[in-house]
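# Coordinates in review
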Amino acid sequence: MLVTGKQILDKAHKEGYAVGAFNINNMEILQAIIEAAEEERSPVIIQTSEGAIKYAGIDYIKAMVYVAAQKASVPVALHLDHGTTYETIISCIRNGYTSVMIDGSHHPLEENIAVTNEIIKIAHACGVSVEAELGRLGGVEDNISVDEKDARLTHPDEAVKFVKETGVDSLAIAIGTAHGKYKGEPKLDFERLDTIKKLLNMPIVLHGASGVPEDAIKKAVSLGINKINIDTDIRIAFTEGVKSVIVNKPEEYDPRKVLAPAKEEMKKVVKAKMQLFGCSGRA
Ligand code: G3H
Ligand code: 13P
Ligand code: ZN
């Protein structure tokens, strides 16, 4: 069944677990995630970046996710990941997304508050949930000093002001993760997470969670993370699955046979994440 992001995340916040938010680019990725969610009896957030919308087309995404959600016996939300333009966000709301992210994290605080409020006014009037971001995630390639890295992490007092002045439904915070494949081991600032969660008492989102060690994820969930974004680990599973066919059966040319192992690899990854995040059995 199709639900809003808020319905999924308010329950996760109340009951103390995290829900996986998985990025999709095509049908096979979507099917792998939905099958995993059904088998794990888990709520799930399907998200698309602006790049994914450009790649697949918003009408194709809407049609695919609506079919998947209507057939599914678990709650499914359709979420825009890292929305940066007014046009994309409005287009997602008009096309039936049940949740959108306005990523104003690159703006100074007041401007981030202003752009977030502009979206909240419209999204909430349409019954669509809103995620915002405060603080900046590092890139895995970033060549910046430790002090600079710290300065980008979410400041607890700013988080309080941000939530008070926006009324956003969930907040993505920067506590040391980065998007993409890590070069070394990411170090998460758990103390900062603990402080922010206690001050805000609302659903908190962790981006860049692929490649973060399992014990760090468990600790982050225990301290109040309720939505965990995973893209890279699924991309790797997909590509490894395709590679295995190309390498082991170079004569194969049926796309279904090339993609079937990729789907199985992705499904395994998603199921393991759901068990780790604590959302298995919560549907
Ligand atoms: O946070 C970014 C997501 O991994 C989406 O990446 O813009 O390449 O689709 P993308
Ligand atoms: P990863 O690609 O590092 O899993 O990050 C996903 C993400 O944060 C999407 O918004
Ligand atoms: Zn992200």
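Residues numbered from 1 in each chain as written. Chains lettered and ligands numbered in written order. Predicted model: local features only at pLDDT ≥ 70, side-chain atom pairs only at ≥ 80, totals over all residues. Heavy atoms only, no water.

### A few points about the overall build of the protein chain
We apply this condition: The helix and strand labels rest on DSSP assignments: H or I over at least four residues marks a helix, E over at least two residues marks a strand, and numbering proceeds from the N terminus. Our radius of gyration looks at C-alpha atoms and nothing else; its globule reference is 2.2 Å times the residue count to the power 0.38. Residue burial is assigned from relative accessible area. The probe radius is 1.4 Å, only protein chains are included, and a residue is buried under 20% of its type maximum, exposed over 50%, and partly exposed in between. Two residues form a contact once any of their heavy atoms are found within 4.5 Å.
Counting secondary structure elements, the protein chain contains 12 helices and 10 strands. For 283 residues, the compact-globule formula gives about 19 Å, and the C-alpha radius of gyration of the protein chain, at 18 Å, lands near that figure. Considered along the principal axes of its C-alpha atoms, the protein chain spans approximately 60 × 40 × 35 Å. Within the span of the protein chain, comprising 283 residues, buried residues form 53% of the whole. Long-range contacts, defined here as pairs at least 24 residues apart, represent 73% of the contacts in the protein chain between residues at least 6 apart.

### Considerations on the site of ligand 2
How we decide: For this purpose, a residue is taken to be near a molecule or strand whenever a single non-hydrogen atom of the residue falls within 4 Å of it. The term polar contact refers here to a pair of N or O atoms within 3.5 Å; inside protein, the definition further demands a hydrogen-donor-capable atom paired with an acceptor-capable atom, and it admits residues adjacent in sequence only when both atoms are side-chain atoms. Note that accessible areas follow from Shrake-Rupley with a 1.4 Å probe, and for residues the cover is restricted to the protein chains shown. Cavity: a set of points on a 1 Å grid over the protein atoms alone where a 1.4 Å probe fits but cannot get out. Pocket: an open set with protein on both sides within 12 Å along at least five of seven lines, its lining residues, like those of a cavity, having an atom within 4 Å of a point. Think of it this way: if more than half of a molecule's atoms are within 2 Å of a pocket's grid points, that molecule is in the pocket or cavity.
Neighbouring ligand 2 are 14 residues, the closest being Asp81, Gly208, Ser210, Asp231 and Thr232. A distance of 3.1 Å is found between an oxygen atom of ligand 2 and a side-chain nitrogen or oxygen belonging to histidine 82. Glycine 180 places a polar main-chain atom, nitrogen or oxygen, 3.2 Å from an oxygen atom of ligand 2. For ligand 2, whose accessible area on its own is 310 Å², the fraction buried by protein is 96%. Judged by the fraction of its atoms near the pocket grid, ligand 2 is located in the second largest pocket.

### Concerning the site of ligand 1
Stated formally: Gly is put with the polar residues, along with every residue not named as nonpolar or charged; the nonpolar set is Ala, Val, Leu, Ile, Met, Phe, Trp, Tyr, Cys and Pro, and the charged set is Asp, Glu, Lys and Arg.
As a matter of local geometry, ligand 1 sits amid Asn23, Ser49, Asp81, His82, His179, Asp231 and Arg235. Note that an oxygen atom of ligand 1 is positioned 2.7 Å from one of the side-chain N or O atoms of aspartate 231. Arginine 235 places a side-chain nitrogen or oxygen 2.9 Å from an oxygen atom of ligand 1. Taken atom by atom, the bulk of ligand 1 overlaps the second largest pocket. In terms of residue class, the shell around ligand 1 is made up of no nonpolar, four polar and three charged.

### Remarks on the pattern of salt bridges
Short version of the rule: Whenever a carboxyl oxygen of Asp or Glu lies within 4 Å of a side-chain nitrogen of Lys or Arg, that contact is scored as a salt bridge.
Under the defined criterion, the tally for this structure stands at 20 salt bridges. Across the salt bridge formed by lysine 267 and glutamate 39, the nearest N and O atoms sit 2.7 Å from each other. Note that lysine 267 is positioned in helix α12 (residues 255–277) and glutamate 39 in helix α2 (residues 27–40), a separation of 228 residues in sequence. Note that lysine 273 is salt-bridged to aspartate 233, the shortest N-O span being 2.7 Å. You can see lysine 273 sitting in helix α12 and its partner aspartate 233 sitting in helix α11 (residues 232–248), a full 40 residues away along the chain. A relative accessible area of 14% places lysine 273 in the buried class. With relative accessibility at 17%, the residue aspartate 233 sits in the buried group.

### Some details on the sheet that holds strand β1 (residues 19–23)
So the rule is basically this: Think of it this way: DSSP has to see at least two bridges between two strands before they count as a pair. Helix axes use the C-alpha atoms of the stretch in contact, all axes being lines fitted to C-alpha atoms, and the angles between their N-to-C directions lie in the range 0 to 180 degrees.
With parallel pairing, the eight strands of this closed barrel are ordered in space as β1-β2-β3-β4-β5-β7-β9-β10. On average, each strand axis in the sheet is inclined to that of its neighbour by 25°, with strand direction left out of account.

### Observations regarding the environment of asparagine 25
Turning to its location among the elements, asparagine 25 is positioned in the loop between β1 and α2. Assessed through its relative accessible area of 25%, asparagine 25 is described here as partly exposed. Residues asparagine 25 and serine 280, 255 residues apart in the sequence, show an inter-C-alpha distance of 24 Å.

### A word on the layout of surface pockets
Just so we agree on the cut-off: Grid points are joined across faces, edges and corners, and a volume is the space filled by probe spheres set on the points.
Size it by volume and the second largest pocket reaches roughly 270 Å³. Lining the second largest pocket we find 17 residues, and of these Asn23, Asp81, His179, Asp231 and Arg235 sit closest to its centre. In terms of residue class, the lining of the second largest pocket is built from two nonpolar, 11 polar and four charged.

### Topic: the coordination of the zinc ion (ligand 3)
Where we set the bar: Metal donors were taken as nitrogen, oxygen and sulfur atoms no farther than 2.8 Å from the ion, or 3.2 Å where the ion is Na, K or Ca. Water is excluded, so coordination may look unfinished.
Bound to the zinc ion (ligand 3) are the protein donor atoms His82 (NE2), His179 (NE2) and His207 (ND1), situated 2.0 to 2.1 Å from the metal. Read in sequence order, the donor residues coordinating the zinc ion (ligand 3) give the pattern H-x96-H-x27-H. Of the two residues, histidine 82 sits in strand β3 (residues 76–83) while histidine 207 sits in the loop between β9 (204–206) and α10 (214–222), which places them 125 residues apart along the sequence. Take histidine 207: its relative accessible area is 1%, and that puts it in the buried class.

### Quick word on empty space enclosed by the protein
Across all of its chains, the model carries one cavity of 30 Å³ or more by this definition. What lines the largest cavity is a set of 13 residues, among which Gly5, Lys6, Leu9, Ser99 and Ser170 lie closest to the centre. Among the residues forming the lining of the largest cavity, the class breakdown is four nonpolar, five polar and four charged.

### A closer look at α11
Side chains of residues three or four places apart in an α-helix project in the same direction, reflecting 3.6 residues per turn. Inclusion rule: A helix is expected to span 1.5 Å for every residue after the first.
With 17 residues, α11 extends 24 Å from end C-alpha to end C-alpha; this agrees with the ideal 24 Å at 1.5 Å per step. Buried within α11 we find Thr232, Asp233, Ile234, Ala237, Phe238, Gly241, Val242 and Val245. Those residues of α11 that are buried lie in contact with β1, α2, β10 (225–230) and α12.

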